[in-house]
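Here is what each chain is made of, one letter per residue.
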Amino acid sequence: MSGFHSLAVARVEPLTGQACAVHFAVPAELRDEYAFAPGQHLTLRLPAGDQEERRTYSICSTPADLAERGALRIGVKRIPNGLFSGWLTGELQPGAAIEVMTPAGRFGTPVAPANERHVCCLAAGSGITPVLSIVTSILRAEPASRVTLMYGNRTSNDVMFLEELADLKNSYPSRFTLLHVLSAEPQLSDLLTGRIDEDKITILLDGLCKDADEWYLCGPLGLVSTARAALVAGGVPAAAVHSELFYVGDEPPELAAPAPPEHAATERSQVTVTLSGRTSTIPVGYTGPSILDAVLASRPDAPYACKGGVCGTCRAMVTAGSVSMTRNYALEPEELAAGLVLACQSHPVTPEVSLRFQ
Ligand SMILES: Cc1cc2nc3c(=O)[nH]c(=O)nc-3n(C[C@H](O)[C@H](O)[C@H](O)COP(=O)(O)OP(=O)(O)OC[C@H]3O[C@@H](n4cnc5c(N)ncnc54)[C@H](O)[C@@H]3O)c2cc1C
Ligand code: FES
């Protein structure tokens, strides 16, 4: 179960004019708790008056770095007027301590030395962070696997982890294909110039990635939805395409939720939640605050980060009754079919609902 610990910042490493890597030192007694699969993320929290603010950052180091040296790293790109990204890239100093949640997230892949696969990745901007962990982990730990990465940026000055990617290319020349695509800097080939769009993805699918077993996508909503549609239209099974989003815009479209029941305005559903082995029953309105917000009032340990349906930290299994969700950018169709929901986007539909946080 998720929980926060205070981790010391060992190093702040500039990557580009707008981005840095933050290295955490994980003490030996916490290493099991921070064990992760490549692609997972961390949630950081900061006090903000009598409240707190949380943001999620993908881990860009490997499980081996943590096991061998207690090293855990995130990569952060500054957003104009961004509270966390401005602080992390502009003010944070080594020696500081930050409250960091144990790793979470379903994006990514377990790595096993016996695997023999071709993994293709598409990333743009800061979307490289989970992909770097996936790529590095597979190349180092799976001697029979290959990786192809297409990475989009505006210019070469914006490329996060430029040298590290070049080092990987030099270390694994026959197993790692790296394609830098730049939108504001002409390159020798058309494939490498412009934005990663449907045409470039189709060229990859018909050529270098014809035999891909799995696809990992991370970048803005436009890239991820275009890529997913192009891959599925090109014959890739939907279950082989995995994606992670960092941000979907300030007002992303809402799902079409069923109308609340007639008694919605006056009555409340009895929502029973199980969290860390403890069960609580909380009355929750059919409209108004989400189940997560209602639960947090009495169970402040309920896991969450973005409250926007993007990060997936608040995943919960519906074990009785039903809920409707306002939006979902985190759960895949098979997870929805299995009964998972995002508590931050959920409202009760039935008089009784039971949820188990994951
Ligand atoms: C699963 C997940 C993993 C993530 N991993 C990373 C990562 O590895 N590296 C990384 O740099 N970021 C990552 N993010 C994004 C990160 O959590 C923050 O959203 C981002 O750093 C902005 O936070 P802020 O406090 O600086 O900006 P805020 O103060 O929250 O926002 C400032 C303004 O920028 C807008 N905005 C917020 N986020 C973005 C964005 N990402 N792009 C454009 N505009 C935005 C807001 O709407 C607002 O107008 C991840 C997010 C998720 C959900
Ligand atoms: S808290 Fe991020 S999806 Fe619910």
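Enquirer: Is there a simple way to think about the site of ligand 1 in this case?
Expert: What surrounds ligand 1 is a group of 25 residues, the closest being Gly-82, Phe-84, Ser-85, Thr-129 and Tyr-247. Mapped by element, the contributors of at least two residues to the shell around ligand 1 are strand E4 (51-58), strand E5 (71-77) and helix H2 (83-90). Looking at side-chain class alone, the shell around ligand 1 contains eleven nonpolar, ten polar and four charged residues.

Enquirer: What is the right way to look at unusual backbone geometry in this model?
Expert: Most peptide bonds take the trans form, and the phi angle of most residues other than glycine is negative. Unlike most non-glycine residues, Phe-161 shows phi in positive territory, near 60°. Structurally, the position occupied by Phe-161 is in the loop between strand E8 (146-153) and helix H4 (162-171). You will see that Ser-276, though not glycine, has its phi angle at about 50°, which is positive. Locating Ser-276 in the fold gives a position in the loop between strand E12 (268-275) and strand E13 (278-285).

Enquirer: It is not clear to me how the nonpolar core should be interpreted in this structure. Could you clarify?
Expert: Within the largest apolar cluster, 96 residues are counted, with the highest numbers of intra-cluster contacts made by Cys-121, Ala-123, Val-131, Val-135, Ile-291 and Ala-343. When residues of this core are assigned to their parent elements, the largest contribution, seven residues, is made by helix H3 (residues 128-141). Not counting residues within four places of it along the chain, the set of residues in contact with Cys-121 comprises Val-131, Ile-134, Val-135, Val-147, Leu-149 and Tyr-216.

Enquirer: I keep staring at the sheet that holds strand E14 (residues 315-320) and nothing clicks. Help me out?
Expert: Adjacent strands of a sheet form backbone hydrogen bonds with each other and so pair up, either parallel or antiparallel. On the basis of which strands lie adjacent, the open sheet formed by five strands has the order E13-E12-E18-E14-E16 and mixed pairing. Two strands in the sheet have a free side with no partner beyond their single neighbour: E13 and strand E16 (340-342). Recorded for the sheet is a direction-independent mean angle of 35° between the axes of neighbouring strands. In terms of strand pairing, E12 meets E13 through eight bridges, oriented antiparallel. Looking at E13, one finds that Gln-270 is bridged to Pro-283.

Enquirer: Is there a simple way to explain the pairing of strand E7 (residues 118-124) in this structure?
Expert: Two faces make up the sheet, and in a regular strand the side chains alternate between them. Burial analysis of E7 places six of its seven residues in the buried class, which makes it a mostly covered element. Relative to E8, E7 is paired through seven bridges, and the arrangement is parallel. Directly across from Leu-122, in E8, lies its bridge partner Met-150. Following the backbone out of E7, through H3 and into the adjacent parallel E8, one traces a crossover that is right-handed. In this sheet, strand E10 (residues 214-219) lies alongside E7 in parallel orientation, the contact comprising five bridges. Counted as the bridge partner of Val-119 is Glu-214 from E10.

Enquirer: What should I look at first to understand the environment of Arg-356 in this one?
Expert: Counting through the fold element by element, Arg-356 comes out in strand E18 (residues 352-357). Each C-alpha atom, one on Arg-356 and one on Ala-343, is 10.0 Å from the other, the two residues being 13 residues apart in sequence. Among residues more than four places away in sequence, those in contact with Arg-356 are Thr-274, Ala-316, Met-317 and Thr-319.

Enquirer: How do you make sense of the domain arrangement of the chain when you look at a structure like this?
Expert: When the parts come together, some accessible area is lost, and that loss is often what is quoted as the size of the interface. The domain boundaries assigned to the chain delineate domain 1 (4-101), domain 2 (118-245) and domain 3 (262-357). Using C-alpha coordinates to define each centre, domain 2 is positioned 35 Å away from domain 3.

Enquirer: Mind showing me how you'd approach the sheet that holds strand E11 (residues 241-245) here?
Expert: In space, the five strands of this open sheet follow the order E9-E8-E7-E10-E11, with parallel pairing throughout. Edge positions in the sheet fall to strand E9 (176-182) and E11, since each of these pairs with one other strand and no more. On average, each strand axis in the sheet is tilted by 10° relative to the strand beside it, whichever way the strands run. Here five bridges tie E10 to E11, and the two strands are oriented parallel to one another. Bridge pairing in E11 places Cys-218 opposite Glu-244.

Enquirer: Any chance you could explain the packing of helix H5 (residues 198-206) against helix H6 (residues 221-233) here in plain terms?
Expert: Where H5 contacts H6, the axes come no closer than 9 Å and their chain directions differ by 40°. Classified by the angle between their axes, H5 and H6 sit oblique to one another. Crossing of H5 over H6 shows right-handed handedness. Together, Glu-198, Ile-201, Thr-202 and Leu-205 of H5 and Thr-226, Ala-227, Ala-230 and Leu-231 of H6 make up the contact between the two elements. Broken down by class, the residue content of the contact of H5 with H6 amounts to five nonpolar, two polar and one charged.

Scoring rules and cut-offs
Residues numbered from 1 in each chain as written. Chains lettered and ligands numbered in written order. Predicted model: local features only at pLDDT ≥ 70, side-chain atom pairs only at ≥ 80, totals over all residues. Near = placed C-beta within 6 Å. Helix = DSSP H or I, 4+ residues; strand = E, 2+ residues; numbered from the N terminus. Nonpolar A, V, L, I, M, F, W, Y, C, P; charged D, E, K, R; others polar. Core = buried A, V, L, I, M, F, W, Y, C linked by C-beta atoms within 7 Å. Buried ≥ 20, exposed ≤ 12 C-beta atoms within 10 Å, placed from the backbone. Contact = placed C-beta atoms within 7 Å. Pairing = 2+ DSSP bridges. Axes fitted to C-alpha atoms, helices over the stretch in contact; angles between N-to-C directions. Right-handed = clockwise from strand over helix to strand, strands pointing away. Domains from an automatic or database assignment. Parallel < 35°, antiparallel > 145°, perpendicular 65-115°, else oblique. Left-handed = near helix turned anticlockwise from the far one by under 90°.

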